[in-house]
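So you can see what is in the structure, the chains are spelled out below.
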Amino acid sequence: MRARAGDLAAAASLVTVGVFAVLIVAGGRLAPADPQRGDLAASALGPGAGHPLGTDELGRDILSRLLAGTQDAIVGPLAVALATTLIATALGLLAGYRGGWADAVVMRCADFAHSLPVGLLTIVVVGVIGGGYPMALVTLTVLAIPADTRVVRGVVLAQRGLPYLEAAQVLGLRRTRIAIVHLLPNVAPTVVANCLLTFVYALVSLSALSFLGLGSPAGSPDWGRMLFENRTLLDLNPWASITPALLIVLAAVSMTVLGDRLLDRALDRSRT
Amino acid sequence: MNQRSRRLLLVATLSTLLPATACGSGPAASSGPAAAAGEVAKVTWAIDSGPRSLDPAHAYDGKSALVYQQIYDSLLYLDAAGRLVPGLATSWSRPDPLTYVYRIRTDARFWDGRPVTAQDAAFSLHRHTDKGVASEFATYFGAVRSVTATAADTVTVKLSRPDPYFRYVPALAGQVMQQAYATAHPENLGTPQGRTMGSGPYRVESFSPATGAVLVRNPSWWGARPAVARLEFKVVSDPETLRLAVQSGSVDGTFLSDPSQSRRWRDGDRLKVQWVPSPQTVYLSFDVTSAPFDDVHVRRAVSLSVDRGGLTAALFGGKARVSRSITPPESWGELASADQVRSVYDGLPDPRHDPAEAKAELARSSHPRGFQVTVPYPASMKWLGDVLQSLQQNLKPLGITLTPQQVPFQEYLAKLYGHRQLGMQIIPYTPEYPDPAGIPALVLGDEQAKSGFNTSGFTTPEIERLLSRQRTADRDERVEGVKRLMSILAEQQPYAPLFYTDIGLALNRRLVFDGAYTIWCNFSQQWAPLIKPAAR
């Protein structure tokens, strides 16, 4: 019963992610109006004809801005997740499989970085140094690497004593080849699941930064920025701030469910 | 950097964040229902941040003044129309251009029962000139040579050079504190530990920069007994929380300075909201010393692209007026009659939104294909960002790419005073006293361009002469001079005026503000004695 509910949730999440994927490609074209062009005479309208989700203070169509903003909302966190996964996987493999001084150096660096307050540090770096959205992406990537490295290293350590690796070593294969060709496929499910969770971390963090006025530029149809800029319209057009919040939650939950499901599958597979 | 300008902007901005009060009598908005006789045991007043200090010398900002003006008496005040009226000084005179004489009332007493003397008043004014005190009001006292108690009830101020604006200083920085108390607390005067000794209608029961202050009525105040016995200032920093708090009745009142809040603050069962015109002026500044804004056609093109009327309705719900000049009509004070002022503004060009004419102006410029410009705005003033975003869209068809850049408030200020690559700026400014030459003197001229608030760098020999004459000319010449300055600004557009915004007062219906509520009755005024119970 529980497994069936989990499958349903995963299926629903997959559909949601699919819809987001379509919107990333075609969101801007599906928008019924120019997401940047405002009509001051139609300021802060509630839902109605021509504006299904109403307008913001400058009379911009909320639905159009949400659709146009999907690309920025998803692609940025995706970039963080992929970059983090790539680097953390390499470091995790190095530390976990190579061991010795490599393990010591990588893990002490990871321990140090892991002790830093990620949220606060991101706000300080982006707020003080500036650099806007690109700097936010770089900062989040750098700060996410230590945690992901630990995860990958842990999985690699669990694989290290398994017979297939010993067999590969007996055959005289090079370490790099063993790590990439034999070890990596076996830790991949966990890496992918973790990548999805990193995406969620990046999505929520970038939205939070935008809400604080950092990261994305003023006026961009970024969901976090929309939440920030429209929060004062709650009594005039609540949809202007509720809908971007809902989309952030929906994207985060969908990816989390998928990540969890993948992880469960990986664990089941490793047990069998 | 000109310190006076720095202070002016600081106060302007802070008063924008949390302004203004009301007071006295004059031709201003009424506060609704009549006041009843009787007492109000307690009033809770919301402020969006706590007072920094109770020592005016170290708290030159609207949020602090809002509190400390209720505990001191000031030598003079401004009435609702911006006229100087008596306070602790019953009369004043200027026997010559370099001398001001103030006659102090003899029935005023500090909270400890000691009489307020001319020596206390002279000491309080003199503190602002003392480098050891490092008063934030020091910039107003630049022309002061000496402040002395020349008789038991007389304070005489001598200037080293004529300063036509000094006459307003005792209404801005004329708070009188007890000399003996101040000298006994050199280290912690005005702090929660050291507090202070004033003679105003309220005395301090507690005070914290983080949470606010509690004031209780001073039974020995020389003025009419205030109706409110206890006044609690409560810090509510989030605007929506503040609105809900006042709406629900858990807070009795607050002053509204953010004009973009006007659409959200509406009358309710328990709440009465009142908005009045203020002289806060919002304008675009163009650096005329470098490209592309060294070209007047570019400046005109940008100005013609601003939809002032649309923004006034969309952002401020009509609680703002489209401006024809950066000098607001309210700032003329007593210099000219209402008819004269009206005719001056009627003679200025209408600041219309005209995309076709904007395009034609840009075509005549040396940048017919457009350019890129980044305009910073302070994070705490989102509505300035909204104005820029609207302008960004209107400039796009001209090929001008405007990027609004949200920055911390201090960074915004630093950029303005840095005088480097100012390009285009958006600036809100509130004049502190009613003199129409005040803003031109601040934003024009060579001296202000080098180290002051002339963010456009704009000046001409004629402007220098007109500004210089404002110091010594008679009334008629001054009026003509200001008219000419406004005409030059309208023609050359180093600044594009946008709006004059309103200020508001939100008050629980059980209370009334028994007086005129205008911008001139600002934080330099005692507003708390005017809070009274509403007639049923």
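Residues numbered from 1 in each chain as written. Chains lettered and ligands numbered in written order. Predicted model: local features only at pLDDT ≥ 70, side-chain atom pairs only at ≥ 80, totals over all residues. Heavy atoms only, no water.

Novice: Explain the overall build of chain A to me, and be specific about the residues and the numbers.
Specialist: In terms of regular secondary structure, chain A is built from 9 helices and 0 strands. The helix and strand sequence of chain A, counted from the amino end, reads α-α-α-α-α-α-α-α-α. Across its three principal axes, chain A shows a C-alpha extent of roughly 75 × 50 × 30 Å. A total of 272 residues make up chain A; the buried ones form 47% of that total. (Helix = DSSP H or I, 4+ residues; strand = E, 2+ residues; numbered from the N terminus. Buried < 20%, exposed > 50% of the residue type's maximum accessible area, 1.4 Å probe, protein only.)

Novice: Go over the overall build of chain B with me, naming the residues and quoting the values.
Specialist: Scanning chain B from terminus to terminus reveals 16 helices and 21 strands. Computed over its C-alpha atoms, the radius of gyration of chain B comes to 23 Å, within 12% of the 24 Å expected for a compact globule of 536 residues. Principal-axis analysis of the C-alpha atoms places the extent of chain B at approximately 70 × 55 × 45 Å. Taken over 536 residues, chain B has a buried fraction of 61%. Looking at chain B alone, contacts between residues at least 24 apart form 73% of all its contacts between residues at least 6 apart. Total accessible area computed for chain B in this model is approximately 19,300 Å², and 49% of it derives from carbon and sulfur atoms. (Rg over C-alpha atoms; globule rule 2.2 N^0.38 Å. Contact = heavy atoms within 4.5 Å. Areas by Shrake-Rupley, 256 points an atom, 1.4 Å probe, with all protein chains shown as cover.)

Novice: Outline unusual backbone geometry, supporting the account with residue identities and numerical values.
Specialist: Residue and element names in this part refer to chain B. That bond from Ala291 to Pro292 is cis: its omega, 0°, falls within 30 degrees of zero. Position of Pro292 relative to the elements: it lies in the loop between strand 14 (271–286) and helix 7 (296–304). The backbone of Arg195 shows a phi angle near 50°, a positive value even though the residue is not glycine. Mapped onto the secondary structure, Arg195 falls in the loop between helix 5 (179–184) and strand 10 (202–208).

Novice: Account for the interface of chain A and chain B, with residues named and values stated.
Specialist: The interface is formed by 19 residues belonging to chain A together with 21 residues belonging to chain B. Across the chain A to chain B interface the summed buried area is about 1,900 Å²; carbon plus sulfur atoms make up 46%. For chain A, the biggest contributors to the area lost against chain B are Leu40, Glu57 and Leu58 of chain A; these three give 30% of the whole. Across the chain A-chain B interface, the total number found is 3 salt bridges. Linking Glu57 of chain A and Arg264 of chain B is a salt bridge whose minimum nitrogen-to-oxygen distance equals 3.7 Å. Between chain A and chain B we count 9 residue pairs in polar contact (both at pLDDT 80 or more) in total. Among the residues forming the side of chain A that touches chain B, the class breakdown is 8 nonpolar, 5 polar and 6 charged. (Buried area = accessible area lost by both parts, 1.4 Å probe. Salt bridge = Lys/Arg side-chain N within 4 Å of Asp/Glu carboxyl O. Polar contact = N/O pair within 3.5 Å; in protein donor to acceptor, adjacent residues only side chain to side chain. Nonpolar A, V, L, I, M, F, W, Y, C, P; charged D, E, K, R; others polar.)

Novice: Hey, could you go over the side chain of Gln406 of chain B for me, with residue numbers and the actual values?
Specialist: Note that Gln406 of chain B resides in strand 17 (residues 401–407). Of note is the side chain of Gln406 of chain B, whose polar atom sits 3.0 Å from the side chain of Arg225 of chain A. Among the polar contacts listed, one links the side chain of Gln406 of chain B to the side chain of Tyr377 of chain B, at a separation of 3.4 Å. Setting aside chain neighbours within four positions, we find Gln406 of chain B in contact with Leu212, Gly213, Arg225 and Phe228 of chain A together with Tyr377 and Ala379 of chain B.

Novice: Let's hear about the UniProt feature "domain: ABC transmembrane type-1" (unreviewed entry) in chain A: which residues, and what values?
Specialist: Under the feature "domain: ABC transmembrane type-1" (unreviewed entry), the UniProt entry names residues 74–259 of chain A. Here residues 74–259 of chain A is 83% helix and 0% strand, with 16 Å between the C-alpha atoms at its ends. (UniProt positions renumbered as here; feature names shortened; annotations may be inferred.)

Novice: Quick one: what's the story with the confidence of the model for chain A, residue by residue and with numbers?
Specialist: On average, residues of chain A carry a pLDDT of 88, and 98% of them reach 70 or more. Per-element mean pLDDT across chain A ranges from 82 in helix 4 (residues 118–129) of chain A up to 93 in helix 2 (residues 62–98) of chain A. (pLDDT = per-residue confidence, 0-100.)

Novice: Outline the sheet that holds strand 5 (residues 89–96) of chain B, supporting the account with residue identities and numerical values.
Specialist: In sheet architecture, strand pairing relies on hydrogen bonds along the backbone and comes in two forms, parallel and antiparallel. Residues and elements named next belong to chain B. An order of 5-6-8-7 is seen for the 4 strands of this open sheet, with the pairing classed as antiparallel. Each edge of the open sheet carries a strand with a single partner, namely strand 5 and strand 7 (144–151). Strand-to-strand, the axes of this sheet are offset by a mean angle of 20°, without reference to chain direction. Inspection of the sheet shows strand 5 paired to strand 6 (residues 99–104) by 5 bridges, in the antiparallel sense. Across the sheet, residue Ala89 finds its bridge partner in strand 6, namely Ile104. (Pairing = 2+ DSSP bridges. Axes fitted to C-alpha atoms, helices over the stretch in contact; angles between N-to-C directions.)

Novice: Break down the UniProt feature "domain: Solute-binding protein family" (unreviewed entry) in chain B for me, citing the residues and quoting the values.
Specialist: Summarizing the sequence annotation, UniProt attributes the feature "domain: Solute-binding protein family" (unreviewed entry) to residues 84–447 of chain B in the numbering used throughout. In residues 84–447 of chain B, helix accounts for 27% and strand for 26%; the two terminal C-alpha atoms are 29 Å from one another.

Novice: Kindly report on helix 7 (residues 175–211) of chain A, identifying the contributing residues and their values.
Specialist: Residue and element names in this part refer to chain A. An ideal rise of 1.5 Å per residue puts 54 Å on 37 residues; helix 7 reaches only 46 Å between its terminal C-alpha atoms. Taken as a whole, helix 7 carries its principal kink of about 55° at Leu184; the proline Pro185 stands between one and four residues after it. Phi for Gly213, located one or two positions after helix 7, is positive at around 85°. (Expected span 1.5 Å × (residues − 1). Bend = angle between axes of the 7 residues up to and from the residue.)

Novice: With reference to specific residues and values, describe the UniProt feature "transmembrane region" (unreviewed entry) in chain A.
Specialist: Residues annotated by UniProt as "transmembrane region" (unreviewed entry) correspond here to residues 74–97, 118–145, 191–215 and 236–258 of chain A. Its end C-alpha atoms 33 Å apart, residues 74–97 of chain A is made of 100% helix and 0% strand.

Novice: Summarise the environment of Ser260 of chain B; cite the residues concerned and give the values.
Specialist: In this fold, Ser260 of chain B is placed in the loop between strand 13 (253–256) and strand 14. Aside from chain neighbours lying at most four places away, what touches Ser260 of chain B is Glu57 of chain A together with Leu315, Phe316 and Trp383 of chain B.

Novice: Outline the packing of helix 4 of chain A against helix 5 (residues 132–160) of chain A, supporting the account with residue identities and numerical values.
Specialist: Residues and elements named next belong to chain A. Packing of helix 4 against helix 5 brings their axes to within 10 Å, and their N-to-C directions diverge by 150°. Here helix 5 runs roughly antiparallel to helix 4, going by the angle between their axes. Our pair here, helix 4 against helix 5, has a crossing hand that is right-handed. On the side of helix 4, the interface is formed by Val118, Leu121, Thr122, Val125, Val126 and Ile129, while helix 5 contributes Gly132, Met135, Ala136, Thr139, Leu140 and Leu143. The class makeup of the residues in the contact of helix 4 with helix 5 is 9 nonpolar, 3 polar and no charged. (Parallel < 35°, antiparallel > 145°, perpendicular 65-115°, else oblique. Left-handed = near helix turned anticlockwise from the far one by under 90°.)

Novice: An account of the environment of Glu357 of chain B is requested, with residue identities and associated values reported.
Specialist: All names here are of chain B. Relative to the helices and strands, Glu357 is located in helix 10 (residues 355–364). For Glu357, a relative accessible area of 24% corresponds to the partly exposed category. Taking the C-alpha atoms as reference, Glu357 lies 63 Å from Phe110; in sequence the two are 247 residues apart. Glu357 has contacts with Leu304, Arg352 and Arg364, leaving out every residue within four places of it along the chain.

Novice: Which residues make up helix 8 (residues 223–230) of chain A, and what values do they have?
Specialist: Because each turn of an α-helix spans 3.6 residues, side chains separated by three or four positions end up pointing in the same direction. All names here are of chain A. Counting buried positions along helix 8 yields 7 of 8 residues, so the element is predominantly enclosed. Listed in full, the buried residues belonging to helix 8 are Trp223, Gly224, Arg225, Met226, Phe228, Glu229 and Asn230. Of the residues that open helix 8, the one with a side-chain oxygen 2.8 Å from the backbone nitrogen of Gly224 is Asp222.

Novice: Explain the pairing of strand 10 of chain B residue by residue, including any values.
Specialist: Look at any regular strand and the pattern is simple: side chains alternate between the two faces of the sheet. Residue and element names in this part refer to chain B. Two strands pair when backbone bridges link them, and strand 10 and strand 11 (residues 212–217) are joined in this way by 6 bridges, in the antiparallel orientation. Considered in strand 11, the bridge of Phe207 is made with Ala213. Following strand 10, the chain reverses through 3 residues before pairing antiparallel with strand 11.

Novice: Tell me about the pattern of salt bridges, residues and numbers included.
Specialist: Two side chains with opposite charge may pair up if their charged atoms get near one another. The final tally for this structure, using the stated rule, is 38 salt bridges over all chains. A single network of salt bridges, built from pairs that share partners, joins Glu57 of chain A together with Arg264, Lys382 and Asp386 of chain B.

Novice: Let's hear about the pairing of strand 18 (residues 424–429) of chain B: which residues, and what values?
Specialist: All names here are of chain B. With 6 of 6 residues buried, strand 18 lies mostly within the body of the structure. Where burial is concerned, the two faces of strand 18 agree: the one with Met424, Ile426 and Pro428 and the one with Gln425, Ile427 and Tyr429 are both buried. In terms of strand pairing, strand 14 meets strand 18 through 6 bridges, oriented antiparallel. By the bridge assignment, Val282 is partnered in strand 18 with Pro428.

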